[in-house]
There are 2 protein chains.
Amino acid sequence: MVAGLATGMSIVVPDKKLEDAGINVFVAEVTKVDAEKKKVLVSDGREFNYDKLFLSTGSSSFIPPIEGKELKGVMALRGLPDAEKIKAFIAENNPGKLIFIGAGFITMEIASLLAAARPDAYDITVIELFNRPLPLMLDKDMADPVQEYLEGKGFKILTGDKVEKIVGKEGAVAGVELGSGKKIDADMVFMNVGVRPNIELAKDIGLEMGKFGIKVNKFQETSDPDILAGGDCVEKVNFITRKPTAGRLRGPAVMQGRLAAKRLAGYDIEFPGVLNAGGCQIFDLVVSSTGFTEEEATKEGFETVCATVDSRSKHGMIPGMKPWRIKLVFDKKTEKIIGGQIVSHSVPPVREIDAVSALILGGKTVSDLTTFTNACNPDISAEPSMEPIPVAAEAALQKLKRP
Amino acid sequence: MVAGLATGMSIVVPDKKLEDAGINVFVAEVTKVDAEKKKVLVSDGREFNYDKLFLSTGSSSFIPPIEGKELKGVMALRGLPDAEKIKAFIAENNPGKLIFIGAGFITMEIASLLAAARPDAYDITVIELFNRPLPLMLDKDMADPVQEYLEGKGFKILTGDKVEKIVGKEGAVAGVELGSGKKIDADMVFMNVGVRPNIELAKDIGLEMGKFGIKVNKFQETSDPDILAGGDCVEKVNFITRKPTAGRLRGPAVMQGRLAAKRLAGYDIEFPGVLNAGGCQIFDLVVSSTGFTEEEATKEGFETVCATVDSRSKHGMIPGMKPWRIKLVFDKKTEKIIGGQIVSHSVPPVREIDAVSALILGGKTVSDLTTFTNACNPDISAEPSMEPIPVAAEAALQKLKRP
């Protein structure tokens, strides 16, 4: 018998499909796991025995200990209950001045969705510590057009600044004070500055911990061979550097769950490590990235060769053509591709970033990428002579070496 | 001095950009190349000397020697002049009954564009020798939904049949007679059944020929070291089998031109071989494929393991979600991915097929693909648990082996 413990964003309810597959779902709070006796205890007193246990306890929003964070109108978004809270607050208080702390992708998606839902209803200010929006996905040269685009939509974006304090009035948000000394009025403040793994239960069991969460091997097994774990609660390994990393994104989380299931079924498939491939949509702008940004790669000790080029979503002669920008990051020493970023105005977006991920996984070099041939067609892609991956690779090749 | 000889679909005219780059463009018919004296002769008597010569003489539509092919109203589409001819014929003759011979991607694109431009104006019949439309891109299980979709648009699709004869009346098309004995009336007949490389000039020079065109090495050099060639006029090598192949698609054609340019500039980058990755849009249906179909792979001597799964373009909770179908083809012996097909209703389409190409180029196996993690986001992609590549790989894994 396999028991799985999950917490998190989606509330799992008994479901016909799961039932038909022989899976029993119990919604209950786990109070203790007795790993010696292989028992799970839940809050209503019931006990469940297991042969194998899978932990997917997820992560929680992390709100830093900033003054004023408890004021009415300070919001975080993680799951459905948070969304309901935000909706109710807006309906009740009709806020006009919104401040978003941190220009990460979830925050920017919320900001754009609110602005799109009620055009001109909000005065939106974004405050970001880095020198650009989406700093973990994009380097400055890729983030600049995103910032311009958002400013064109009326967003005020303050980069290189920090919220020191949230100021209140009668228990509700009234504004923020920044490190630069600026003061900004606000009716509502969004904070989405990060998540922390939910590892209390795993610690209580006595499982080995890494710096970023529960330690697992490449088959998702913890230090207790009968307990597997996956998702936001575990420490992952970076595919490129093989170093431990947090890697708290939806894609690898689900992949680790599937991998653990395959392990329990007897397959020996290894988790390859994370690339932190991610995407988001902000109004009709689609941003995606994989592997390391130039900035991250430099921090990791790589000497890089990068190229940023502009392309387009379709052949120039086809109506509806939209601009693209792509950046590729190569390791100068091995000449291998280690990262990519795409900013595109196509909706629904082209997912060329997945090809970049696959090329990284294949250990491909800048020369290899100059010959990467996409499935081209005037409706689907730029002229082959403007295809973003080979054209950016050519630009990088010319920086790397000239015969 | 490098001379380049091109023919083909686009008429190259002198252009400021080319001029600024120091490139002189002459539009003239080449009558002879004297490879001994390194001279190009053109029809108006001029001569051009070269150090290196690049041939991109392209290919031409091949119209089989079928009875009635010279009748008025029998059309092929290759370049702009053909398109103008089609337009003029329609304006003059207002044809109602259209027959398309061969359900290849160019033919199906023309049919869908004509039908979309004047809804209900045409009675369209497609006659295909294979048992399905798009037979070089899709296996039957992938082509079935395409056929259903086209029939839903009013197309009549006759598969496993062949046009024996085009019947005329007063010099114009009146109908066709099929191998099955069927007779169909027609005002206009489209034939796009293939292309042949333009190799007369290369033969005249005395260059070595392959079965599918001019023979070149991995740097695009012909048997004359000072003459390079690329595109539809050269024989290519298949990436997977390393066997000679035609590979007459836009993508590799352009790539070979760029590769030859890099060779001339002193780079030693090799052409990796073709995967025949291609895509087309038929109404709002996007079809793409790469590598071998199951049928082709079997013909090539592979024992295959395949999986076809249905997925969707976005998270189920996001408006505008459209269905996808994906098929992956694996070599049973090496367990490596050797082909992929995607049929999708997304416009503009998702280009996940390029990721499949990159995974083939990386030599990845079915196990590797079960852990392929896309840049997921509810707006951009299905739930990670429905992502087409890993889900199809899992289905193939279960067919391949059970622990």
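Conventions used here
- Residues numbered from 1 in each chain as written.
- Chains lettered and ligands numbered in written order.
- Predicted model: local features only at pLDDT ≥ 70, side-chain atom pairs only at ≥ 80, totals over all residues.
- Core = buried A, V, L, I, M, F, W, Y, C linked by C-beta atoms within 7 Å.
- Buried ≥ 20, exposed ≤ 12 C-beta atoms within 10 Å, placed from the backbone.
- Contact = placed C-beta atoms within 7 Å.
- Least-squares fit on C-alpha atoms with pLDDT ≥ 70 in both.
- Pairing = 2+ DSSP bridges.
- Helix = DSSP H or I, 4+ residues; strand = E, 2+ residues; numbered from the N terminus.
- Axes fitted to C-alpha atoms, helices over the stretch in contact; angles between N-to-C directions.
- Domains from an automatic or database assignment.
- Nonpolar A, V, L, I, M, F, W, Y, C, P; charged D, E, K, R; others polar.
- Expected span 1.5 Å × (residues − 1).

**Brief notes about the nonpolar core**
Then, number 1: Judged by nonpolar contacts, the single largest core of 158 residues is most densely connected at A:V189 and B:V189.
Then, number 2: Not counting the four nearest positions on each side in its chain, B:V189 is found in contact with B:G73, B:V74, B:M75, B:I99, B:I101, B:I166, B:V173 and B:V176.

**With respect to the relation of the copies chain B and chain A**
Then, number 1: Turning chain B through 180° and shifting it by 0.0 Å along the axis lays it on chain A, with an RMSD of 0.0 Å. Classification of the inter-copy transformation places it as that of a two-fold axis.

**Notes on the sheet that holds strand 12 (residues 172–178) of chain A**
All names here are of chain A.
Then, number 1: Across the sheet, which stays open at both edges, the three strands sit in the order 11-12-13 with antiparallel pairing between neighbours. This sheet does not close on itself; its edge strands, each paired only once, are strand 11 (163–169) and strand 13 (183–185). For this sheet the average axis-to-axis angle between neighbouring strands, irrespective of direction, equals 25°.
Then, number 2: Bridge count for strand 12 against strand 13 is three bridges, and the pairing is antiparallel. Residue G175 lies in a different strand from strand 13, and its bridge partner there is D185.

**Points about the domain arrangement of chain A**
All names here are of chain A.
Then, number 1: As assigned here, chain A comprises domain 1 (2–60 + 197–264), domain 2 (74–194) and domain 3 (284–397).
Then, number 2: In this structure, domain 2 and domain 3 have C-alpha centres spaced 29 Å apart.
Then, number 3: Domain 2 puts nine residues into the contact, and the matching count from domain 3 is 11 residues.
Then, number 4: Its residues assigned to classes, the side of domain 2 that touches domain 3 comprises seven nonpolar, no polar and two charged.

**Structural notes on the sheet that holds strand 8 (residues 97–101) of chain A**
Paired through backbone hydrogen bonds, the strands of a sheet run either parallel or antiparallel to each other.
All names here are of chain A.
Then, number 1: Taken in spatial order, the five strands line up as 7-14-8-9-10 in an open sheet, and their pairing is parallel. This sheet does not close on itself; its edge strands, each paired only once, are strand 7 (74–75) and strand 10 (156–159).
Then, number 2: Relative to strand 14 (residues 188–191), strand 7 runs parallel, the two sharing two bridges. The residue of strand 14 that forms the bridge with V74 is V189.
Then, number 3: Across the sheet, helix 3 (residues 105–117) touches strand 8, strand 9 (123–128) and strand 14, and the angle it forms with strand 9 is around 170°.

**With respect to the environment of A:A392**
All names here are of chain A.
Then, number 1: Tracing the sequence through the fold places A392 in helix 10 (residues 388–400).
Then, number 2: Remark: the alpha-carbon pair of A392 and N93, spanning 299 residues in sequence, is separated by 49 Å.
Then, number 3: Once residues within four sequence positions are removed from consideration, A392 is found in contact with A307, V309, I326 and L328.

**A closer look at helix 3 of chain A**
All names here are of chain A.
Then, number 1: Along its 13 residues, helix 3 runs 18 Å from first to last C-alpha, staying within 8% of the 18 Å computed at 1.5 Å per residue.
Then, number 2: What helix 3 keeps buried is the set F105, T107, M108, I110, A111, S112 and A115.
Then, number 3: Against the buried residues of helix 3 lie strand 8, strand 9, strand 14 and strand 19 (278–282).

**Observations regarding the pairing of strand 23 (residues 337–344) of chain A**
Remember that side chains alternate between the two faces of the sheet whenever the strand is regular.
All names here are of chain A.
Then, number 1: Counted residue by residue, strand 23 has eight buried out of eight residues, so it is predominantly covered.
Then, number 2: Where strand 20 (residues 285–291) meets strand 23, six bridges bridge the pair, whose relative direction is antiparallel. By the bridge assignment for strand 23, S288 is matched with I342.
Then, number 3: Alignment of strand 22 (residues 323–331) against strand 23, held across seven bridges, turns out to be antiparallel. Across the sheet, F330 pairs through a bridge with I337, a residue of strand 23.
Then, number 4: In textbook terms, the turn of a hairpin is the stretch between consecutive antiparallel strands, and for strand 22 and strand 23 this stretch comprises five residues, one of which, E335, has a positive phi near 65°.

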